[in-house]
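Chain by chain, the residues run as shown.
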Amino acid sequence: MTRIFMFKVNCLKLIIVFTTLIFLNGIECYLSVPLKTVNEREKSEEVVTQQVQEIDRAVVPNDQDVPDASKPLIKANVGGKPGLGFYIELGIGTPPQELSILVDTGSSNFAVAAAAHPFVTSYYEPHNSSTYETTTVEVFVPYTQGEWHGRLGTDMVTIPSSPNSTVRANIVGIYSSEKFFINGSEWQGILGMAYNSIARPDSSVTPYFDSLVGGTTVSDIFSMQLCTPFSIGNNSSIDSSGSMTIGGIDPDLYNGKMFFTRIKRKWYYDVTVTDMGVNGHSLSLDCKEYNFDKSIVDSGTTDLRLPQKVYKKLMSTLANQIEDVYVPDTFWKGTELMCWDIGTVPFDRFPTVYLDLEGPEDDTSFRLTIPPEQYIRWVNGNEPGKDCYKTGFASSTTGTVIGAVVMEGYYVVFDRQNNRVGFAVSKCAENRVHRSKFSPDNDMFDDSNSKECIYDTSDSDSVLVVISYVLAGLCVLSVLPVFILYGYHNLKNMFKKRMSDDQSTDGEPLHQPLDQTTENRDDAITDSQSQQW
């Protein structure tokens, strides 16, 4: 009888342990899903409605949607170091303090160094500007790489090549940072050119470009030509160059047609990738994979960053198509450089990558080609007589980022007034790469699946909510046996105790006064202890 009872107890313990493990595992799964509270969902819907502003897909930009020629164009020279970003010169304050500012279409804050830093040669001194106005607002901005803290203020900002461009703008003085400034980059701040919906600390901070458009007669459009030499030969004095045109397009900086893709949301310059492939052959992935959870055009990012699934497929495809050249896997992973004698880099042995973007009309796409001269990126390998390179592709956890590696081949137009981004073959790219490697079809083509490629975050949120409720239900079901067994065990013990009590008292009251001898014994022990003390 004792063995049977022990067996039942052990079974009960095993069941409790097993169901508890299931329950804990269920909780872990449940907590890892990013649920939203009612208030957060309402706030999210408000942000989508008021700040993000979905673009009406029925509106098709056409050739007549061009900038007003009567409005002035502001041109600024672009400089930089290969792989370290592109910057323009700005004058800040009164009198102007000229600084080199990184142009970043992937953020919205205008921020400059306001304190000494080992990697900064000069910095903004607000107390030396008669027009500076401070606030008490602290700002923190994290990026894919690096972050900074600063204080928000306003001051006058001028593009030196166009004195009439002076406007008062929001500016953050950076007083602390981590892995933000880059040694040898020659820039001292960042100019976010995206929409105010992603400005920090909130969308009430008007970006510089919005202030420029609102305070002058400049049109709501800007364009960029980014140029980097592909063979430098360990010469760190070689610079990147280019041009930034504010208020319009400079037709002298590109050849051929200009192709436009729609901006699907006004936050980043969020576009839709419809396909990707190597040497004309598609990676054959669901096109939503390319846009999970967004696809943005970002001049402040060097590489073409891809969602992990896309990145792995692209790297394996590239590795399988290299001929007559040994390329270690570590090169494709970005952890090892490859070096060749100057002028002997075998670019012709590497395949060409392409990226298809949704066209301005439904069910159309156009192709951006990325030749090896672009995606095999020069770096300073410190080997005399050698050109050293690393891959220009990287994995991403925040969607596709079309960075400088792609933009360097094209003249890119950010046509905000018509909600579109344009691409045309850049003349500086043609000077270093044969034209035939760019956009071989040179025309728009039909793509009946383009609308299916858009990643809808609202749908994904609904799916996550459903999954969360299902997981919560599984948690309840998995823990239910524990409560049933626990209740059954307690009821059984209570019944046994009642039966035992009934038998022991034999009908006497359950509560009796203390035995008098016991009370006297306790009192005696207490008195004895008191006397000893």
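Every value quoted in this text rests on a predicted model; they were computed, and no experiment measured them. (Residues numbered from 1 in each chain as written. Predicted model: local features only at pLDDT ≥ 70, side-chain atom pairs only at ≥ 80, totals over all residues. Heavy atoms only, no water.)

### Comments concerning helix H3 (residues 208–215)
We apply this condition: Working definition: with a 1.4 Å probe on protein chains only, accessible area under 20% of the residue-type maximum means buried, over 50% means exposed, and in between means partly exposed. Elements are defined by DSSP. Helices are runs of H or I of four residues or more, strands are runs of E of two residues or more, and each kind is numbered from the N terminus. Note: the arc covers the axis-to-C-beta directions of the helix. Any pair of residues with heavy atoms lying within 4.5 Å of one another is described as a contacting pair.
Every buried residue of H3 is listed here: Tyr208, Phe209, Ser211 and Leu212. The arc that holds every buried residue of H3, seen down its axis, measures 160 degrees, which confines them to one face. Buried positions along H3 lie against strand E4 (110–113), strand E6 (147–159), strand E7 (162–178), strand E8 (189–192), strand E9 (221–227) and strand E10 (240–246).

### Brief notes about the packing of aromatic side chains
Put simply, the rule is: Each Phe, Tyr or Trp ring, with Trp reduced to its six-membered ring, pairs with another whose centre is within 6.5 Å; inter-plane angles below 30 degrees give stacked pairs, above 60 give edge-to-face pairs, and intermediate values give tilted ones. Here, over-ring charges are defined by two tests on the NZ atom of lysine or the CZ atom of arginine: distance to the ring centre within 6 Å, and angle to the ring normal within 35 degrees.
Scanning all chains against the criterion turns up 22 aromatic pairs. A ring pair is formed by Phe222 and Phe414, whose centres lie 4.8 Å apart and whose planes are at 15 degrees; its orientation type is stacked. Residue Phe222 is located in strand E9, and its partner Phe414 is located in strand E25 (residues 410–415); the two are separated by 192 residues in the primary sequence. Here a set of aromatic residues connected by ring pairs shows up, and it is made of Phe331, Trp332, Trp340, Phe347, Phe350 and Tyr389. Just above the ring of Phe260 sits the side chain of Arg420; from NZ or CZ to the centre is 3.7 Å.

### Considerations on unusual backbone geometry
Thr94 connects to Pro95 through a cis peptide bond whose omega is -5 degrees. That bond from Phe292 to Asp293 is cis: its omega, 0 degrees, falls within 30 degrees of zero. In the Ramachandran plot, Asn279 falls in the positive-phi region, its phi being about 50 degrees despite a non-glycine side chain. Assignment of secondary structure puts Asn279 in the loop between strand E14 (273–278) and strand E15 (281–282).

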